[in-house]
Structure formats: structure tokens, C-alpha cells
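Topology and contacts: notes
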Amino acid sequence: MRVLVTGAGGFLGRHVVARLLVRGHNVRAIVRPASPRPSWGPDVEVFYADFRAHDNLISVFDGIDAVIHMAAATSGNEDVQFTSTVVGTERLLEAMSRTAVKRLILVSSLVVYDWARARGTMAETTPLLLDPYDMGAYTIAKVWQERVASSMTGTHGWDLTIMRPGFIWGRNHAEIAGMGRRFGPVQLMFGPFTRLPLSHVVNCADAVVASMENPNSSGLTFNVVDADDIRVWRYVREYWHRSGRGGIPVPLPYVVGLGIAQFASFVSRILFGNKGKLPSLLAPRRFQQQFKPLRFSNDTLRAKLGWTPPLDFQACLARTYAPDPDVEYNAVKRT
Amino acid sequence: MRKLTSVVIGCGAIAREHLAAVQELNNVEVVAVCDLSAARAEATAERFRIGKWYTDYQIMLHDWRPDLVHITTSPSAHFSVAKACLTAGLNVLCEKPITVEYRDFLLLKQLASENRCMLMENQNLRYHSSIRHIQHLLSSGQLGELLEVQIYFALNVVGPASPYTDQNAPHFGLGLRGGIIGDFLPHIAYLAYVFTGPVIDLRTTWAKHTPNSPLPTDEFRALIRGQRTNAYAAFSGNSRLNGYWVRVCGTKMYAEANLLEPPRIAVRRFRPGEPAVMSLMEGISESGAILRGTVAAFFRKLGGTSSYDGLPQLIADTYRALEEKQEQPVPLQEIDETANLVDRFTNPELTL
């Protein structure tokens, strides 16, 4: 297939491109104009564009069979992220609607779920966030990115697959929000035995490409996690041990952290009504989104696509912390 | 009593500030919002529980005849949108600068006068609590005779990951006179004008401190001689200490405020007596004022008050003027004079 990949220069994007090449696909990669070309060979066609500024995107769809859309902002204020992630998606998909391309794979995130209402195991049936505006900028943008893609899919009759990875980690991206917060040498862990929805970048890229290749994935949504057997304490310990960064671990039960956040929220409401603004650790819904102890399942991926993560946790660790920086990238080619 | 109605054109970050301020008013209803991005318009409508959203402002203005149109688009779109509104006889509250070119402002001014419409600019720093405090010190005589105003606005626009230097999507400010700094000049101009009055003489200097940035300039200084007093105004795009400091010097006192951290304000007043003792008392007094202001600023942030400290009052006064059919809160002539000052900041040949 000839595949258009947006966000191709990003952390996940580079691995998806590598995986597509291994699988024999032709790749047209969109990277931002000011970004250097990643170390791809001539077999990757690079198109430089920023969806916020580029007016004519129709030509990037010439000869394309499927689109893997990963472009999104991961930092910046709400306006910056909304413009990059949502308005950018809107512009890309408006251009797509004027072409014959029908296949779209959107890489979203588990943050679109309503973690406060989630119970037991987080699955694709978990309720979505309906009122995201008191959440962080990234969450608001991802919720709206999905809404835009779903709405335009409904209008144009596309084949849409939504992938919702958990914490994507890998080389140089091993520090994840689920570890807690670091204050100087102190590492606060909220719920040290909470299971982490980890998705190693190699596994995640494999799942994205597998869903694109499989026509059964059309119209479906998949949570992308490797497994949920790794808990915060172990992940932090491995991170410290293998990265050489130590710290003073301070475990705090999840309910204590949530209780503090709820008390702070209560005081804020008394003092400031609904206008109060609290840091994410003291905002109960945002706290839950980061640390709520749930189980995470990839059952739908297994059942519908027969997918299993190619790397287990030990292999992921080995590739993430390998002394040779090319090991992880090359791993994509071997898997 | 009939509620006043309004619409908002442009749904970016500043629009949220406008909408939050309007929601505090009991006598105003925002009936629709508009943005070129359907998702942004719909998200804004959902967030603020507004009934209708549009992607074409002309269709919106065909469907509604609001008492006030908030124009919160990027500056390059202000002129055409404001012109359409004023031509239709609608009152306008526009983000600064109302126009990129001064000659376009004069056209809008004429249109507003002919159609008896309000043409307000968001000059929210006039309503800033610290500025009002300083004005009170001045009007009550505590500050003595006004000698000088110093305005120093520092915002690190050249630092890493700055949206102002993002080469993937050039910032709208690059299309303004003076480049990115042009986005901040209206604030500097009207704030200086508040104290100096009409400008008699002006000297400016522009510089580029960081050589490898895409910005044409990143430092600006101006000396303004006004009818009432003189002002020194500066913008630094290189300082890593962001702040908006205003110091007003009088014969009996100086007052200094950082407008990004209201209501922190420090005053130093003349005290007769033994210099060493007075110096100690002054230090204690100043420290106390800074500490009180810092604690208050911290709680204001927790309370959700944004850095647009004066905007709610400006918007409230604008609607009150509409309701009571009075003159707009900032007279159009003063908006003209500050627009003219911005034009002179950026046109060295116009300075005397």
C-alpha cells in the first residue's frame, strides 16, 4: 500500500515509518518544515508541511491508499495544542475529503476516556469524556481531534480506525507521567502498585501498522497497551536502575493522593466557586486520569486482529536502555 | 428588562477571556460565536453553553443583530470584519490593535462616527487594578506632581520553543508593523498615553539583540514627551525575566507595579526625618507591600483570575455604556491618538 504518515518525524511516527517499510509499504511522510529529515533512506518520500500554515494539502493525497494520522502537539498551552492538533486535523481531513482516499487510521490516546467514571478494566466501552474543559490542554485537544475525525468520517463515509495507546515509552522517552512527580531528589509515587497502561513504541508502531493492514479494523477503536502487569513501583525501579538516575522514593497510597486533591478542590470551590484553578495534582479528575488504579486490556486488538505485542517487557527494557542508540530503531525492522 | 446580546468573532485564547468576562454579567447574553475552524467554534460554544456557532461571520451577522460584536480574530482580519460590522450599524469591541495600518483605523473611525456606532479597543491595562491604584495615588495628591513614567515590558520571545519564532507556522505578529513587538505596542502606547496625554515629541530606537532569530527586531525603546509628563517605554524580547513593570515617579512618591502579577505594587514615599531610620522604615514597608501583594497574587491565580486583570471591568463598562446610551468607556479620539502613537513608534520618519 502507499501510506501517508503525518507526524512522521515524531517519536512514534519514526517507528511507524520504519515498520511500514519492513512490511513492504510505500511511505509518504509529512514532517514539519523546520524539522530535519529523519534518517530515512530515499525510499521514504518526504513532504514538508505544517497543517497550521500550509494551505494546499490536497496534493499530498495523490496516489495514497491509507492515511496514518499521528500529528499532534504534546506541549504548549491550550490554544497552541488545540490549533496544532485539532485545527491541523480539520485542515488535513478537509483536504482528504476532496480526494478519493477513504482509509484513515487516527492515533489518539487513552486520555479521551472519562477516568473518573471508569471501573474495573478500561476498555473501548469505557465512557468518553463529555465535558473535557477542566482537563489539561492535551486531553481537550485529543478529545476534539477524535470528534473531528469521527464527524468527518460520518459525513464522507471513510473507513476510520482509532488507536488509543497508553503511555508510549522507549529510548529517550522512558520518563512517563504515571511514575508520579519528582520534586528535587524526591520521587512521589501515587499508588506504587497501580498497573501502568504501557505501550512500548515498537509494539505500538506494530499495532498501528497491523490495524492499517487489516480490513477488519475498519470502523473499530482499539486500546493499545502491551499488558497491564507492570506496576508503578517496578517501572520506576527499572528506570532508576537502568538510566542511572536515582532518587528518594516516597510512595503514597492512591486514595490519600485523591483525598488531598478532593479536599483542595472542596476548599477551592468554597473560596472561589467554579472559577478556581488548581494544579493537575490537586484537580481530582486530572489526578484520576494519571494515577487511577485500573486494569487495562488489549483484548479487542487480540480478538479482532489477532495482534499480540511483539516485544515483552524485558525485551522492551533491553531496547530502551541499550547502549547502542540504533538498537531500538533497528528492532522495529527485525520484529 | 431586555438582555443585551453579543456575538464573538474569533475563538482563540483571548476570546475565552472575553467570554468568561461576559458570563459574569447578568444583563448580557452571547448568542453566537464564529471561527474559521468549525471545531474551535463548536468547542467554544459547547464550553460556554452558547446556542449557535458559525464559520462565516457574514452569515452570523445576517442571522443576528447583536448589541455588540467582539472581534477577537488575529489583527490582520480586524479591519475587514470591523468594517462589515460598522457598515451594518453594529457596535464593535475589537482586540488591539484595531487595525494593522493607521490609515485603516481612520476609515473605521469615520464609519463609526457616520453610523453612530461604538468602536472600542481592548485597552484592558487602563483598567488594571495596579494602574487604577497608581492613578488614585496620583489624583489624591499622594504621589505629588507627576515627573515621569517608566514602562518596561519584558517577554522572552526569542527563547527555545517560543511560538513567536516558530518557523513551522509563522506567528501572526510577524505581519505587524514592528514585527512581533508590534503586537505589544498598543498596550505600551495607551498605557503611556494615560499618563502623558497627547504626545508632543517622540524618539525611538529598535535593535536586534539575537542575531539568529527570524525576528526583524527584538528590542524597542522610546522616549515620549507628552503634554502632562514624559515617559520611557521599552520592550525587551530577550530578557528571561518576564514582567510588565510600570513605575510612576512623582515629587513625593514613586509607585511600581508588575502588571503580570497583580495586585503586587510597591510604593516608596518621601518621609521626613533621620535618613538611616527612614531608609529602614521604607525597606520594611516596601517588603511588607511586596509580600502582601505576592500572597494576594498567588490566591488570585488559584481563584482563576487571569493576567487580563482589567478586561472584565472594561467589558462591564462597555456594556453599561451601551445600556445607558453613553459615550464609550475609552473615547474614540483617545483610541485614535494611541493608534497614531503606535504608527509613529513604527515609522521613524514620522517622529519629530
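Reading the values: rules and limits
Residues numbered from 1 in each chain as written. Chains lettered and ligands numbered in written order. Predicted model: local features only at pLDDT ≥ 70, side-chain atom pairs only at ≥ 80, totals over all residues. Helix = DSSP H or I, 4+ residues; strand = E, 2+ residues; numbered from the N terminus. Rg over C-alpha atoms; globule rule 2.2 N^0.38 Å. Buried ≥ 20, exposed ≤ 12 C-beta atoms within 10 Å, placed from the backbone. Contact = placed C-beta atoms within 7 Å. pLDDT = per-residue confidence, 0-100. Axes fitted to C-alpha atoms, helices over the stretch in contact; angles between N-to-C directions. Parallel < 35°, antiparallel > 145°, perpendicular 65-115°, else oblique. Left-handed = near helix turned anticlockwise from the far one by under 90°. Nonpolar A, V, L, I, M, F, W, Y, C, P; charged D, E, K, R; others polar. Domains from an automatic or database assignment. Expected span 1.5 Å × (residues − 1). Pairing = 2+ DSSP bridges.

1. Quick look at the overall build of chain B
- What chain B contains, in helices and strands, is ten helices and 13 strands.
- In summary, chain B has a C-alpha radius of gyration of 21 Å against a globular reference of 20 Å for 352 residues, a match within 12%.
- With the C-alpha coordinates of chain B rotated into their principal frame, the extents come out at 70 × 50 × 40 Å.
- When each of the 352 residues of chain B is scored for burial, the buried share is 44%.
- Taking the contacts inside chain B whose residues are at least 6 apart along the sequence as the reference set, 66% of them involve residues at least 24 apart.

2. Considering the confidence of the model for chain A
- Per-residue confidence for chain A averages 92 on the pLDDT scale, and 96% of its residues sit at or above 70.
- Within chain A, strand β5 (residues 103-107) of chain A carries the highest mean pLDDT (98), whereas helix α10 (residues 326-334) of chain A carries the lowest (54).

3. Describing the packing of helix α2 (residues 78-96) of chain A against helix α3 (residues 137-156) of chain A
Residue and element names in this part refer to chain A.
- Closest axis-to-axis distance for the α2/α3 pair is 8 Å, and the angle between their directions is 15 degrees. With respect to α3, the element α2 is oriented roughly parallel. Relative to α3, α2 is oriented so that their crossing is right-handed. Facing α2, whose interface residues are E78, Q81, F82, T85, V86, T89, E90 and L93, α3 presents A137, Y138, I140, A141, K142, W144, Q145, V148, A149 and M152.
- Counted by class, the contact of α2 with α3 contains eleven nonpolar, four polar and three charged residues.

4. A look at the domain arrangement of chain B
Residues and elements named next belong to chain B.
- Split into domains, chain B comes out as domain 1 (4-121) and domain 2 (126-302).
- At the interface, six residues of domain 1 touch six residues of domain 2.
- When its residues are assigned to classes, the side of domain 1 that touches domain 2 shows three nonpolar, two polar and one charged.

5. Notes on helix α2 (residues 38-47) of chain B
- With seven of ten residues buried, α2(B) lies mostly within the body of the structure.
- Of all the positions in α2(B), only A39(B), R40(B), A41(B), E42(B), A43(B), T44(B) and A45(B) are classed as buried.
- Buried residues in α2(B) make contact with α2 and α3 of chain A together with α1 (13-23), β2 (28-34) and β3 (52-54) of chain B.
- Once α2(B) finishes, R49(B) follows within two positions and takes phi at roughly 55 degrees, a positive value.

6. Focus on helix α1 (residues 11-22) of chain A
Residue and element names in this part refer to chain A.
- Between its first and last C-alpha, α1 extends 18 Å over twelve residues, near the 16 Å set by a 1.5 Å rise per residue.
- The element α1 is largely enclosed, with a buried count of nine among its twelve residues.
- All of the buried residues in α1 are L12, G13, R14, H15, V16, V17, A18, R19 and L20.

7. Remarks on the sheet that holds strand β2 (residues 26-31) of chain A
Residues and elements named next belong to chain A.
- The seven strands lie next to each other as β3-β2-β1-β4-β5-β7-β12, forming an open sheet whose pairing is parallel. Each end of this open sheet is capped by a strand with a single partner; those strands are β3 (44-48) and β12 (221-224). Adjacent strand axes in the sheet meet at a mean angle of 20 degrees when their direction is disregarded.
- Across four bridges, strand β7 (residues 159-165) lies against β12 in parallel orientation. Within β12, the position partnered with P165 by the bridge is V224.

8. Here we look at the interface of chain B and chain A
- Counting from both sides, the interface comprises 17 residues of chain B and, opposite them, 22 residues of chain A.
- The dominant element in the side of chain B that touches chain A, judged by the number of residues it contributes, is α2(B), at five residues.

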